[in-house]
Amino acid sequence: MSEVYYGLSLQMLTYLDVIITHAEQWLGISAKPAGVLYFHVHNPMLQQKNAMDPTEVEKELRKRFKMKGLITADADVAGLMDDQLVNSAGHSQLIPVALKKDGTFYSSSSVVTDDQWDALRKYVRKQVKQIGTDITDGHVDISPYRLGKKTACMHCSYKSICQIDPLFEGNEVQVWKQRGKEQIWSEMEQEVEQ
């Protein structure tokens, strides 16, 4: 969510907003988001000293392939995404949710209410509009960031071109703080109300 807040991770949420906005026109009915999930495509290698039985291997691989993202705060919807959650409690091995025996979500679950979906969609639109306006106004400054251990320069193919050097004025790295889930939601909601 910190990456969304700072405008770094907007692609999937922009797609979601477009689909929800135009669902009635395209599908003939209105739609609500069930979730937005990211699946990291990789081939994890399990390194164990001792041989593992096949069920343990499968369990460990499921942990590595667990999706990240947001799910609507509805246990029935979560159950449709992971049939192991239907009529039971526990942590999903597929999606970022965990259900208590009473059918409510644990606080560690990445769930979003309808109001939060609306605020998130408005926030993403505002971010995309600001980015587009900045580009058309000619703001193309080199302005790398650091968010936790992640930097904009980590995987950049243009290091040799931009030649960012923090020793020169105007080449400072923007240091952004990781924010808690509740703080992000509060700040996003305040910002879309302005």
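Coordinates for the structure precede this section.
Residues numbered from 1 in each chain as written. Predicted model: local features only at pLDDT ≥ 70, side-chain atom pairs only at ≥ 80, totals over all residues. Heavy atoms only, no water.

Q: Give me the lowdown on the overall build of the chain, citing residues and values where you can.
A: On a plain count of helices and strands, the chain comes out with 7 helices and 8 strands. Seen along its three principal axes, the alpha-carbon backbone of the chain occupies a region of about 60 × 55 × 30 Å. Buried positions account for 26% of the 194 residues belonging to the chain. For the chain, the accessible surface area stands at approximately 13800 Å², while carbon and sulfur atoms represent 53% of it. Charged side chains of the chain number 22 positive and 26 negative; the gap between the two group centres comes to 6 Å. (Helix = DSSP H or I, 4+ residues; strand = E, 2+ residues; numbered from the N terminus. Buried < 20%, exposed > 50% of the residue type's maximum accessible area, 1.4 Å probe, protein only. Areas by Shrake-Rupley, 256 points an atom, 1.4 Å probe, with all protein chains shown as cover. Lys, Arg positive; Asp, Glu negative; His and termini not counted. Charge placed at Lys NZ, Arg CZ, Asp CG, Glu CD.)

Q: Can you break down helix α2 (residues 11-27) residue by residue, with the values?
A: The axis of α2 is deflected most strongly, by about 50°, at Thr-21. Considered for burial, the residues of α2 that qualify are Leu-13, Leu-16, Asp-17, Ile-20 and Ala-23. Buried residues belonging to α2 abut α1 (2-5), β1 (35-38) and α5 (114-136). At the C-terminal side of α2, Gly-28 shows a positive phi close to 85°. (Bend = angle between axes of the 7 residues up to and from the residue. Contact = heavy atoms within 4.5 Å.)

Q: Which residues make up the sheet that holds strand β6 (residues 145-147), and what are the values?
A: Here 3 strands make up an open sheet; going across it, the order is β7-β6-β8 and the pairing mixed. What marks the edges here is a single partner per strand, and that holds for β7 (150-151) and β8 (174-176). As paired strands, β6 and β8 are joined by 3 bridges and run parallel to one another. Considered in β8, the bridge of Tyr-145 is made with Gln-174. (Pairing = 2+ DSSP bridges.)

Q: Residues and numbers for the packing of α5 against helix α7 (residues 181-193), please.
A: Contact geometry of α5 with α7 gives a least axis separation of 9 Å together with a crossing angle of 65°. Crossing geometry of α5 relative to α7 is assigned as left-handed. Of the residues in α7, those touching α5 at Gln-116, Ala-119, Leu-120, Lys-122, Tyr-123, Lys-126 and Gln-127 are Trp-185, Met-188, Glu-189, Glu-191 and Val-192. Residue classes in the contact of α5 with α7 are distributed as 6 nonpolar, 2 polar and 4 charged. (Axes fitted to C-alpha atoms, helices over the stretch in contact; angles between N-to-C directions. Left-handed = near helix turned anticlockwise from the far one by under 90°. Nonpolar A, V, L, I, M, F, W, Y, C, P; charged D, E, K, R; others polar.)

Q: Residues and numbers for a nonpolar patch on the surface, please.
A: Nonpolar side chains collect at one region of the surface, where Val-18, Ile-19, Trp-26, Leu-27 and Ile-29 lie side by side and expose about 530 Å² of accessible area between them. With respect to the helices and strands, Val-18 occurs in helix α2. Here Val-18 falls in the partly exposed class, since its relative accessible area comes to 37%. (Patch = residues over 30% accessible without salt bridge, like charges linked within 9 Å, V, L, I, M, F, W, Y side chains within 5 Å. Salt bridge = Lys/Arg side-chain N within 4 Å of Asp/Glu carboxyl O.)

Q: So what's going on with the sheet that holds β1? Which residues, and what values?
A: Taken in spatial order, the 3 strands make up an open sheet running β1-β2-β5, and their pairing is mixed. Strands with a single pairing partner mark the edges of an open sheet, and in this sheet they are β1 and β5 (111-112). For strand β2 (residues 68-72) and β5, the ladder comprises 2 bridges, and the chain directions are parallel. By the bridge assignment, Ile-71 is partnered in β5 with Val-111.

Q: For the pattern of salt bridges, give the residues involved together with the corresponding values.
A: For the coordinates displayed, the defined rule picks out 5 salt bridges. Two residues, Arg-125 and Asp-17, come together in a salt bridge whose shortest N-O distance is 2.9 Å. Taken together, the positions of Arg-125 in helix α5 and Asp-17 in helix α2 put the pair 108 residues apart, joining distant regions of the chain.

Worth remembering: the numbers are spatial, not functional.
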